[in-house]
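Here are the chains, one letter per residue:
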Amino acid sequence: MTTTPTHAAVVTVAPRAALEVIQVPTISPAKGEVRVRVGWTASTPLDLHQADGGLLVEHPQVLGDGLAGTVVEVGEGVKKLAVGDEVFGFVWRSQKEKAHQVYTTAPENFFGKIPNGIPPEAAVTLPNNFVTAYHTIVTDLQLPLPWPRPDDHQPEHADSAILIWGGSSSVGQYALQILKYFGYRHLLTTASKKHHDLLKSFGATRCFDYRDPNVTKSILHSIPNTEKGKAKVPFILDCIGSKEGSVAPLAQLAQRGTRVAILLPVIIRDATEDGPAPEYTFDVQSSADWADGVDVVGVRTHFYTDNSFHAEHLQPSIMPAMLGRGIVKPNRQRIVEGAKMLDRAQRALDTLRRKENANNAFLFLFLLTAKGEACVC
Ligand SMILES: NC(=O)c1ccc[n+]([C@@H]2O[C@H](COP(=O)([O-])OP(=O)(O)OC[C@H]3O[C@@H](n4cnc5c(N)ncnc54)[C@H](OP(=O)(O)O)[C@@H]3O)[C@@H](O)[C@H]2O)c1
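Residues numbered from 1 in each chain as written. Predicted model: local features only at pLDDT ≥ 70, side-chain atom pairs only at ≥ 80, totals over all residues. Heavy atoms only, no water.

- As recorded by an unreviewed UniProt entry, the protein carries the name Enoyl reductase (ER) domain-containing protein and is attributed to Endocarpon pusillum.
- What UniProt states about the protein under its Sequence similarities (unreviewed entry) heading is, verbatim, "Belongs to the zinc-containing alcohol dehydrogenase family." (UniProt positions renumbered as here; feature names shortened; annotations may be inferred.)

Structure follows, in structure tokens:
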């Protein structure tokens, strides 16, 4: 009798309950897929929305959607990857793909090779955040990012104001750096004052403190008068998606002709340690009182593969090239320690819940399994 091999996975078992480790089947790669042993992974706001708010989950739910690890098995027809390759990737569609488990099995196009000289802890800050930024700029803001960038590339909207609300968030940092590289020159952003110099180095031309009660007026005043009937800020990316903290001020800024892309979900009430349960909505239109003629969309990175060019190139080639050539700098990292996989995963989630990243602009990472060693689960 043959037994199905299994491995350890970190799961939610109920809303707001402690995480657990369970054994799940180890899936051999089908055609075009690879199996990766997960090394580093991150705990992100989506993990918290899923663990505490039950957002789009069925328990037990494996958490995590970004990883750095080693290819251990390849399926038929895999062309770009081989056993032993060190890879990083954004994986999310089903339990077998999710990141907080010893092995993930997913299509090869969900991974890129980690560029030489880049530590896996730095590479793992990219996949979900970089893909979200690139996809949103192209799909939702409809600003082209032609790859490879032609030498004489001059975008039509090079001098139009583009506001990245929440520039120091994980997605915001990549959005600024990507836009700068593609020639967008009028980049405005909001962040705590202590991050303004960093964000200027990433391409922001003006930074504003989102805690300033006059922030929306200051942003509008910073822009020279535009042609009558044209929006002062025609493009806005909301990297925070907080009903009160970002969507409400953006509704004051957006004018007829502004296109606003909001990272979903819109957070009505965020997760806390002991307060009421979190609350979210996907309805961006009714999240604020928008002026007539404002075009508001909610960002769904999970559909980035609808763009066949992105499906084929975004993770395997664009993401490693932009990281390896220093066009984008990784987010800062804070490593969460713990004796076992479960301790590290729980601590990382708890730290997020306590909002220890507020003001700090770093990502909470933990080592799922050490390379070449048995899993201490
Ligand atoms: N729909 C999608 O495809 C998608 C993809 C990725 C993320 N998301 C969502 O996007 C949200 C942010 O994710 P993330 O990982 O980028 O977050 P993050 O890195 O944890 O963002 C934290 C930073 O946000 C800034 N911030 C907090 N409140 C703010 C406000 N009211 N205005 C401006 N900045 C504020 C703080 O900046 P300072 O340090 O400067 O104070 C803080 O450092 C989450 O809800 C996540 O689920 C959605």
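There is more to say after this.
### Side note on the UniProt feature "domain: Enoyl reductase (ER)" (unreviewed entry) in the protein
No. 1: The UniProt record marks residues 14-302 with the feature "domain: Enoyl reductase (ER)" (unreviewed entry), using the residue numbering of this structure.
No. 2: Its end C-alpha atoms 23 Å apart, residues 14-302 is made of 22% helix and 25% strand. (Helix = DSSP H or I, 4+ residues; strand = E, 2+ residues; numbered from the N terminus.)

### A word on the pairing of strand 12 (residues 235-238)
The side chains of a regular strand alternate, residue by residue, between the two faces of the sheet.
No. 1: By the alternation rule, side chains of strand 12 split into Phe235 and Leu237 and Ile236 and Asp238, which are all buried.
No. 2: Relative to strand 13 (residues 259-263), strand 12 is paired through four bridges, and the arrangement is parallel. By the bridge assignment, Ile236 is partnered in strand 13 with Val260. (Buried < 20%, exposed > 50% of the residue type's maximum accessible area, 1.4 Å probe, protein only. Pairing = 2+ DSSP bridges.)

### Some thoughts on the sheet that holds strand 4 (residues 61-62)
No. 1: As summarised here, the arrangement of the three strands in space is 2-1-4, forming an open sheet in which the pairing is antiparallel. At either end of the open sheet lies a strand with only one pairing partner, and these are strand 2 (20-25) and strand 4.

### Let's talk about the pattern of salt bridges
No. 1: Considering all chains together, one arrives at 10 salt bridges under this definition.
No. 2: Between Arg93 and Glu97 there is a salt bridge, with its nearest N and O atoms 2.7 Å apart.
No. 3: Where Arg269 meets Glu279, a salt bridge forms, and the shortest distance between an N and an O atom there is 3.6 Å. A residue pair is termed long-range when its members are at least 10 positions apart, and Arg269 in strand 14 (residues 266-269) and Glu279 in strand 15 (residues 279-281) qualify at 10 residues.
No. 4: A relative accessible area of 35% places Arg269 in the partly exposed class.
No. 5: You can call Glu279 partly exposed: its relative accessible area is 36%. (Salt bridge = Lys/Arg side-chain N within 4 Å of Asp/Glu carboxyl O.)

### Details of the site of the ligand
No. 1: The immediate surroundings of the ligand are formed by 28 residues, with Ser168, Ser170, Ser192, Tyr210 and Thr301 found nearest.
No. 2: Ser170 places a side-chain nitrogen or oxygen 2.6 Å from an oxygen atom of the ligand.
No. 3: For the ligand, an oxygen atom lies 3.4 Å from a polar atom in the backbone of Val171.
No. 4: Contact with the protein chains covers 87% of the free accessible surface of the ligand, which is 940 Å².
No. 5: The greatest single-element share of the shell around the ligand, amounting to three residues, is contributed by helix 1 (residues 45-53).
No. 6: Grouping the amino acids of the shell around the ligand by side-chain chemistry returns 13 nonpolar, 14 polar and one charged. (Near = heavy atom within 4 Å. Polar contact = N/O pair within 3.5 Å; in protein donor to acceptor, adjacent residues only side chain to side chain. Areas by Shrake-Rupley, 256 points an atom, 1.4 Å probe, with all protein chains shown as cover. Nonpolar A, V, L, I, M, F, W, Y, C, P; charged D, E, K, R; others polar.)

### Focus: helix 7 (residues 243-253)
No. 1: For helix 7, the complete set of buried residues consists of Ser246, Val247, Pro249, Leu250, Ala251 and Leu253.
No. 2: Where helix 7 is buried, its residues touch strand 9 (162-165), helix 6 (215-221), strand 12, strand 13 and strand 14. (Contact = heavy atoms within 4.5 Å.)

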